[in-house]
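Observations on the model geometry
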Amino acid sequence: MTGKLASRIIIITGATKGIGREACLALAREGAKVVATGRDEKGGLETAALVSDLGGQCLYLRHDIRSEDDWRNVFAKTIERFGAPHGLVNNAGIFFVKPLADTTEEDFDNIYEINVEGTFLGVRQAFQSFAASKTQGVIVNVSSLMGQVGFPNAIAYCATKGAITAMTKAAAMEGAAMTPRVRVNSLHPGVIWTPMITGTFGGDKALSDAFADDTPLKMIGLPEYMADAITFLISDDSAYITGAELTADGGRGAD
Amino acid sequence: MQKPESERELAGKVAIVTGASRGIGKAVAAKFARNGASVVITGRNAEAGAAVAREIAGDGHDAIFVRADQGSDADWTAVLAHAQEAFGRVDILVANAGLSNNVPAAQMELAQFRELNRINMKGPFLGLKHCVAAMRKHGDGGSVVLMSSIVGMVGVPGYVHYSAAKGGLRLMAKAAALELGAEKIRVNSVHPGMIRTDMTAMFDEKVMALRLPLGKFGHPDDIANAVLFLASNRGKFITGTQLVIDGGWTAQ
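Residues numbered from 1 in each chain as written. Chains lettered and ligands numbered in written order. Predicted model: local features only at pLDDT ≥ 70, side-chain atom pairs only at ≥ 80, totals over all residues.

Let's talk about the sheet that holds strand E7 (residues 245-248) of chain A
Residue and element names in this part refer to chain A. To be explicit about the condition: By this definition, two strands are paired if DSSP reports at least two bridges between them. Segments assigned H or I by DSSP are reported as helices when at least four residues long, segments assigned E as strands when at least two residues long, and all are numbered from the N terminus. Note on geometry: axes are C-alpha line fits, over the in-contact stretch for helices, and angles between N-to-C directions span 0 to 180 degrees. Any pair of residues counts as being in contact when their C-beta atoms, constructed from backbone geometry, are within 7 Å of one another.
Strand order across the open sheet formed by 7 strands is E3-E2-E1-E4-E5-E6-E7, with parallel pairing between neighbours. The strands lining the two open edges of the sheet, one partner per strand, are strand E3 (58-62) and E7. Shown here is a sheet whose adjacent strand axes are inclined to one another by a mean of 20°, direction ignored. Note: strand E5 (residues 138-142) against strand E6 (residues 183-189), 5 bridges, orientation parallel. Looking across to E6, one finds that Val 138 is bridged to Arg 183. Against the sheet, helix H2 (residues 41-53) engages strand E2 (33-38) and E3, with an angle of about 175° to E3. Packing against the sheet, helix H8 (residues 223-234) makes contact with strand E1 (9-12), strand E4 (87-90), E5, E6 and E7, and its axis sits at approximately 165° to E6.

Dropping the structure here:
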């Protein structure tokens, strides 16, 4: 396929549904060879099939981002199938809403290990891979609007997303000192109509209308908008951008 | 030195300050005590922590030391039990304890990353949870200060793990501020830049200060002043904010 990402090899975590799946489709439309990873094999294979339907190439790999072995396997299998990767989208993550008093240490550890350590392990693996293959790589860490502003009953989630926001900047400074130079940015989705949201709050139209009404642009956030933002940050259109926070939230954060 | 009673703005308040055996935490604990608070000092170094408590108590203030690892839930249970037993209530938490080291991400072991975040990020979460439960017992509200860093806002190579923790605290404070505001429990983050402490001993001030608009490192007391302001009634309309004290570092 031709496009601004022709022959680029990009790994996307959490690509079995939601934003990750749409990112695979958008990146493939621009010609990238995509590796869709995640724990849900059925969803992952569906994503791969959807990319194939577009005429793109997509490899699904089972991946628990907490596992160092899984990370090594994902990069090894990517290299085996397509070659050394050019980009990583650290998209996988979990969300829960719970008051402080009900949030247990186990809850905190679980969301921290997935959202923070999982993202760190991706950055580490990508840095090692880019250095070994002398690739001018790019990383997009999917944080959240809740990694920029607070939200009640989401202290643990906000902490993990705030961690990603700040970690991205430190990683960007390290990447900028690499040869060739590696860019690292964070994306901050607002309320996006994905299984993460509908699974937490319900999926009826009244709710999506309420979210839209609560958003300055009066739109419900769709995963494809995030996919467009990810494509921008992965592509050379953002060649001068690193360590930045791209908020894509219909204006909620400015409200 | 004891201030006149009219100037003791934390009179009657009980404060827990973690990591108070040295550096910024010690300065905060001492300033709180001079301003009338009863202070509970915690830390992992029993000898140094007990010495700080003795020093403060020797000046005629209320101070106890409890040996505690900020990242341990069981230790927090013990800290709160000691605080209740000694002083009967908790009004202020300063989650200050933290460790720091410079390791490039590509070379970092997961165990290193996890241990730093256990103490620096999970620790304040556990402290927040325990102290909010204590503040709810009296219902008079409270003030929580989470000690973040300018590294929670800007990137420095070698500090991906430290940035994760400090950026985590920045948002933990904001989320907690929204959740707890109705109960008059205020939560803010403080972001020191280069402050002259053991943690920054490896940096050459002459070289680093060239990057600082104010031309020198800060003193622990510069941070203690800000923490007192946020903890006291003067900060009563301030919650969910990020107070940067960095000699201008992040303005550039």
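Considerations on the sheet that holds strand E7 (residues 242-245) of chain B
All names here are of chain B. Here we have 7 strands laid out as an open sheet, ordered E3-E2-E1-E4-E5-E6-E7, and parallel in their pairing. Where the open sheet ends on each side, the last strands, each with one partner, are strand E3 (63-67) and E7. Each neighbouring strand pair of the sheet contributes to a mean axis angle of 20°, computed without reference to strand direction. On top of the sheet, helix H2 (residues 46-58) reaches strand E2 (38-43) and E3; it is set at about 170° to E3, its chief contact.

Some points on helix H1 (residues 23-34) of chain B
All names here are of chain B. Rules: The span you would expect from a helix comes to 1.5 Å times its residue count less one. Exposed residues have 12 or fewer other C-beta atoms within 10 Å of their own C-beta, buried residues have 20 or more, and partly exposed residues fall in between, where C-beta atoms are placed from the backbone.
With 12 residues, H1 extends 17 Å from end C-alpha to end C-alpha; this agrees with the ideal 16 Å at 1.5 Å per step. Counting buried positions along H1 yields 12 of 12 residues, so the element is predominantly enclosed. The positive-phi residue at the C-terminal boundary of H1 is Gly 36, with phi of around 100°.

Quick word on unusual backbone geometry
Residues and elements named next belong to chain A. Note the cis peptide between Thr 179 and Pro 180, where omega equals -10°. We note that Lys 134 has phi near 50°; this positive angle belongs to a residue other than glycine. Mapped onto the secondary structure, Lys 134 falls in the loop between helix H4 (105-133) and E5. Of note in the backbone geometry, Asn 153 takes a positive phi value of approximately 60° without being a glycine. Secondary-structure assignment places Asn 153 in the loop between E5 and helix H5 (155-176). We classify Asn 153 as partly exposed; it has 17 C-beta atoms within 10 Å.

Notes on helix H4 (residues 110-138) of chain B
Residue and element names in this part refer to chain B. Rules: Note on bend: the value at a residue is the angle between axes fitted to the seven residues ending there and to the seven starting there.
Along its 29 residues, H4 runs 41 Å from first to last C-alpha, staying within 8% of the 42 Å computed at 1.5 Å per residue. Arg 118 marks the point of greatest bend in H4, at about 40°. Note on H4: the residue one or two positions beyond its end, Gly 139, has a positive phi of about 70°.

Focus on the interface of chain A and chain B
Listed by partner, the interface residues are 41 residues for chain A and 41 residues for chain B. Among the elements of the structure, H4 and H5 of chain A are those that each provide at least two residues to the side of chain A that touches chain B. Considering each element in turn, the side of chain A that touches chain B owes the most residues, 16 residues, to H5(A).

Examining the environment of Val149(A)
Residues and elements named next belong to chain A. Mapped onto the elements of the fold, Val 149 is located in the loop between E5 and H5. Its 21 C-beta neighbours within 10 Å are what place Val 149 among the buried residues. For Val 149 and Glu 22, which are 127 residues apart along the polypeptide, the C-alpha to C-alpha distance reads 25 Å.

Describing the pairing of E6(A)
Residues and elements named next belong to chain A. How we decide: Here, the term right-handed applies to a crossover whose path from the first strand over the helix to the second runs clockwise when the strands point away from the viewer.
Along E6, 7 of the 7 residues are buried, which leaves the element largely enclosed by surrounding structure. Going residue by residue along E6, you find Arg 183, Asn 185, Leu 187 and Pro 189 tucked away on one face and Val 184, Ser 186 and His 188 tucked away on the opposite face as well. With respect to chirality, the unit in which E5 leads through H5 into the neighbouring parallel E6 is right-handed. Bridge count for E6 against E7 is 4 bridges, and the pairing is parallel. Residue pairing in the sheet places Ser 186 in a bridge with Glu 245 of E7.

As for the packing of helix H1 (residues 18-29) of chain A against H2(A)
Between two packed helices, both the angle of their axes relative to each other and the distance between the axes serve to describe the pair. Residues and elements named next belong to chain A. Here is the rule: Oblique is the label for any angle not under 35 degrees, not over 145, and not in the 65 to 115 range, which are roughly parallel, roughly antiparallel and roughly perpendicular in turn. Crossings are classed by handedness, with left-handed meaning an anticlockwise turn of the near helix from the far one by less than a right angle and right-handed meaning a clockwise turn. Polar here means any residue other than Ala, Val, Leu, Ile, Met, Phe, Trp, Tyr, Cys and Pro, which are nonpolar, and Asp, Glu, Lys and Arg, which are charged; Gly is therefore polar.
Close contact between H1 and H2 brings their axes to 10 Å; oriented N to C, the two are set at 25°. Considering the angle they form, H1 stands roughly parallel to H2. The way H1 lies across H2 gives a crossing that is right-handed. Where H1 abuts H2, its residues Arg 21, Cys 24, Leu 25 and Ala 28 lie against Thr 47, Leu 50 and Val 51. In terms of residue class, the contact of H1 with H2 is made up of 5 nonpolar, 1 polar and 1 charged.

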